[in-house]
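Residue-level listing of the chains:
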Amino acid sequence: MKTLILPVLILALTGCEKTASEDSGEQAPEPSSLEKAAIDAGVIPDMNTVTLSGAFERQSDLGTDRFCAVGNDENGYQVGVIAVFGPESKCEGLGEATRTGETVRVVLTSEERCSFTASFDGVEIKLPGSLPESCDSYCSPRAGFNGVSFFLVGEGDEVARSTRGREIESLCPG
């Protein structure tokens, strides 16, 4: 039981700090000694070396939601996303993103311009619960990107390029 409590405590402590550099768009600050120990132990990722490039998924009884990103932090990313709500209900779109630390700015452009800020902890990307109305242009009735999240299933551009959508065959062709 003690071995399970330590990783949970470390994750809780590392999520509590938000620094000025995160707000100003600079690289994440040097981790504290506790964070360094957690990074060295593989409990949390090092946000200074992690990349958004890769494939992300979340599976449910309704289908598989997918997010992919091709590129890097310096030049930005080409992204694709699909959220599935059953056989006929979904949201699907293409665009671009920039990442600074745990913040990902996504702009979908394959329909109406839809922009929002998602969070990324190195393993999971979470879309906000409230999105602009323009994001509805990517969705069938009664579907939405609001609050959808995805977990990393494979790192790198090559894995991202294999991500498939429904109407968009390759979500990350870049």
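Preceding block: the structure.
Note that the structure is predicted; figures quoted are calculated from it, not measured. (Residues numbered from 1 in each chain as written. Predicted model: local features only at pLDDT ≥ 70, side-chain atom pairs only at ≥ 80, totals over all residues. Heavy atoms only, no water.)

Asks: I'd like a rundown of the pairing of strand β6 (residues 114-120), residues and numbers included.
Replies: Of the two faces of β6, the one lined by C114, F116, A118 and F120 is fully buried and the one lined by S115, T117 and S119 carries no buried residue. Bridge count between strand β5 (residues 103-108) and β6: 6 bridges; the pairing is antiparallel. In the sheet register, R105 faces β6, and the bridge partner there is T117. As consecutive antiparallel partners, β5 and β6 are separated by 5 residues. Two strands pair when backbone bridges link them, and β6 and strand β7 (residues 124-126) are joined in this way by 2 bridges, in the antiparallel orientation. Looking at the pairing, F120 lines up with I125 of β7. Hairpin connection, β6 to β7: the antiparallel pair is bridged by 3 residues, and G122 has positive phi, about 95°. (Buried < 20%, exposed > 50% of the residue type's maximum accessible area, 1.4 Å probe, protein only. Helix = DSSP H or I, 4+ residues; strand = E, 2+ residues; numbered from the N terminus. Pairing = 2+ DSSP bridges.)

Asks: Describe in detail the side chain of S149, supporting the description with residues and values.
Replies: With respect to the secondary-structure elements, S149 resides in strand β8 (residues 149-155). Taking relative accessible area as the criterion, S149 reaches 9% and is therefore assigned buried. Within polar-contact distance, the side chain of S149 engages the side chain of R58 at 2.7 Å. Each residue touching S149, except ones within four places of it in the same chain, is listed here: R58, E124, I125 and K126. (Polar contact = N/O pair within 3.5 Å; in protein donor to acceptor, adjacent residues only side chain to side chain. Contact = heavy atoms within 4.5 Å.)

Asks: Quick rundown of the sheet that holds strand β1 (residues 54-60)? Include the residues and the values.
Replies: The 8 strands are arranged β1-β2-β3-β4-β5-β6-β7-β8 in a closed barrel whose pairing can be described as antiparallel. Across the sheet, the mean angle from the axis of one strand to that of its neighbour is 30°, orientation sign disregarded. As judged from the 4 bridges shared by β1 and β8, these two strands associate in the antiparallel manner. Within the sheet, the bridge partner assigned to G54 lies in β8 and is E155. (Axes fitted to C-alpha atoms, helices over the stretch in contact; angles between N-to-C directions.)

Asks: I'd love a proper account of the packing of aromatic side chains, names of residues and values included.
Replies: Aromatic ring pairs are defined here through the distance separating the ring centres and the angle between the ring planes. Inspection of the entire model under this criterion finds 4 aromatic pairs. Plain terms: the ring middles of F56 and F67 are 5.9 Å apart, the flat faces sit at 75° to each other, and that makes the pair edge-to-face. You can see F56 sitting in strand β1 and its partner F67 sitting in strand β2 (residues 63-72), a full 11 residues away along the chain. A relative accessible area of 0% places F56 in the buried class. (Phe/Tyr/Trp six-rings, centres within 6.5 Å; stacked < 30°, edge-to-face > 60°.)

Asks: I'd love a proper account of the state of the cysteines, names of residues and values included.
Replies: Applying the stated criterion to the full structure yields 3 disulfides. Each disulfide pairs two cysteine sulfurs, and for C68 the partner residue is C172, the sulfurs being separated by 2.1 Å. Judged by the sign of its S-S torsion, about 105°, the bond between C68 and C172 is right-handed. Of this pair, C68 sits in strand β2 while C172 sits in the segment after α4 (157-161), and the two are 104 residues apart along the sequence. (Disulfide = S-S within 2.5 Å.)

Asks: With reference to specific residues and values, describe the pattern of salt bridges.
Replies: According to the stated counting rule, one finds 6 salt bridges in the structure shown. For R66, the salt bridge identified is with E57, shortest N-O distance 3.3 Å. Note that E92 and K90 form a salt bridge whose closest N and O atoms lie 3.7 Å from each other. Here E92 matches K90 in class, with each residue buried. Residues joined by salt bridges that share partners form a network here, namely R58, E124 and K126. (Salt bridge = Lys/Arg side-chain N within 4 Å of Asp/Glu carboxyl O.)

Asks: Break down the nonpolar core for me, with residues and values.
Replies: L52, F67, F116, I125 and F145 are the most contacted members of the largest nonpolar core, which has 28 residues in total. Among the secondary structure elements, those contributing two or more residues to this core are β2, β3 (76-84), β4 (90-100), β5 and β6. Counting residues in hydrophobic clusters, the runner-up holds 8 residues, among them C68, A160, I168 and L171. (Core = buried A, V, L, I, M, F, W, Y, C linked by side-chain atoms within 4.5 Å.)

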